[in-house]
Amino acid sequence: ETRDRYAHFVAITTRWMDNDVYRHINNVVYYSFFDTAVNEYMVRQGVLDLHDSPVVCLVVETGCQYFSPVSFPDAVQCGLRVAHLGNSSVRFEIGVFRNADNLAAAQGHFVHVACDRDTQRPVPMPAAMRAALQKLVPA
C-alpha cells in the first residue's frame, strides 16, 4: 500500500535496541508501533483516558506482513485507517513507512473490542469513540 491510503499518521523514532542480530527492526517491535499509533490517535481525539475511561479497547486479533526492512536510525511513519467499525469492535489497519518511502515496509492490523474497564466484557462503543473512529474510515 501507499501513504495516500491512510487517514492519519504517527511519527515514531526507532531505537538502537529495536534492531535484532540481523540488523533490522525485530518483528515484535512492529506490534509496539501498532499499539502506539492506535492509542496515540485515541488519546489525542479525547476518547481514551489511559487511567479513567470506563470503556477500554482490548486487542483480540492482530497480524502483520513484512515487505522490506527498517533499521535504526530510520524514522517510521505509521499510517492508520479503520477497515471495519462494528457495534463494539473496530479493525484498524496500519502501514509502516520507512523514512520518506511511499510504499509500506510492513502492513498490519489490530482488532479491538470495546470493553467495560472493570468487567472486561464487551460493551457498545461509546458515541464519541465511534465518531473519532469514523474519521479513519476511507471515503
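One structure accompanies this document, and this report is about it. This is a predicted model, so every value here is computed, not measured.

So, on to the overall build of the protein. Check the secondary structure of the protein and you find two helices and five strands. Overall, the protein shows an N-to-C arrangement of helices and strands of β-α-β-β-β-β-α. Taking the principal axes of the C-alpha coordinates as reference, the protein spans close to 45 × 30 × 25 Å. Here the protein, with 139 residues, has 42% of them falling under the buried criterion. The contacts in the protein between residues at least 6 apart in sequence include a share of 71% that link residues at least 24 apart.

Here we take up the sheet that holds strand 5 (residues 106–116). Taken in spatial order, the five strands of this open sheet run 1-3-4-5-2, and their pairing is antiparallel. Two strands close off the open sheet at either side, each with one partner strand: strand 1 (8–13) and strand 2 (55–66). Neighbour-to-neighbour, the strand axes of the sheet open up by a mean angle of 25°, direction not taken into account. Bridge analysis of strand 2 against strand 5 gives 11 bridges, and the strand direction is antiparallel. Along strand 5, the bridge assignment pairs Cys64 with Gly108. Helix 1 (residues 27–44) contacts strand 1, strand 2, strand 3 (75–85), strand 4 (89–98) and strand 5 of the sheet and is inclined by roughly 140° relative to strand 2.

The omega torsion across Phe72 and Pro73 is 15°, close enough to zero to call that bond cis. Relative to the assigned elements, Pro73 resides in the loop between strand 2 and strand 3.

Moving on, we get to the nonpolar core. Core analysis: the largest hydrophobic core is formed by 33 residues, its most contacted members being Tyr30, Phe33, Met42, Cys78, Phe92, Val96 and Leu133. Among the elements of the structure, strand 1, helix 1, strand 3, strand 4, strand 5 and helix 2 (127–134) are those that each provide at least two residues to this core. For this core, the element with the most residues is helix 1, which contributes eight residues.

This part is about the pairing of strand 3. Where strand 1 meets strand 3, six bridges bridge the pair, whose relative direction is antiparallel. In the strand pairing of strand 3, Phe9 is matched with Gly79. Bridge count between strand 3 and strand 4: nine bridges; the pairing is antiparallel. Note that in strand 4 the partner of Val82 across the bridge is Phe92. Once strand 3 ends, the chain turns through three residues before running back antiparallel as strand 4.

Let's shift gears to the side chain of Arg81. Looking at the element boundaries, Arg81 is found in strand 3. Arg81 sits in the buried class, given a relative accessible area of 8%. Of note is the side chain of Arg81, whose polar atom sits 3.4 Å from the side chain of Glu1. In this structure the side chain of Arg81 is engaged in a polar contact, spanning 2.8 Å, whose partner is the side chain of Glu93. Residues in contact with Arg81, not counting those within four places in the same chain, are Glu1, Arg5, Tyr6, Arg91, Phe92, Glu93, Leu136 and Pro138.

To continue, consider helix 1. Over its 18 residues, helix 1 extends 27 Å from the first C-alpha to the last, a length consistent with the 26 Å expected when each residue adds 1.5 Å. Along helix 1, the residues classified as buried are Val29, Tyr30, Phe33, Phe34, Ala37, Val38, Tyr41 and Met42.

Quick notes on the rules
- Residues numbered from 1 in each chain as written.
- Predicted model: local features only at pLDDT ≥ 70, side-chain atom pairs only at ≥ 80, totals over all residues.
- Heavy atoms only, no water.
- Helix = DSSP H or I, 4+ residues; strand = E, 2+ residues; numbered from the N terminus.
- Buried < 20%, exposed > 50% of the residue type's maximum accessible area, 1.4 Å probe, protein only.
- Contact = heavy atoms within 4.5 Å.
- Pairing = 2+ DSSP bridges.
- Axes fitted to C-alpha atoms, helices over the stretch in contact; angles between N-to-C directions.
- Core = buried A, V, L, I, M, F, W, Y, C linked by side-chain atoms within 4.5 Å.
- Polar contact = N/O pair within 3.5 Å; in protein donor to acceptor, adjacent residues only side chain to side chain.
- Expected span 1.5 Å × (residues − 1).

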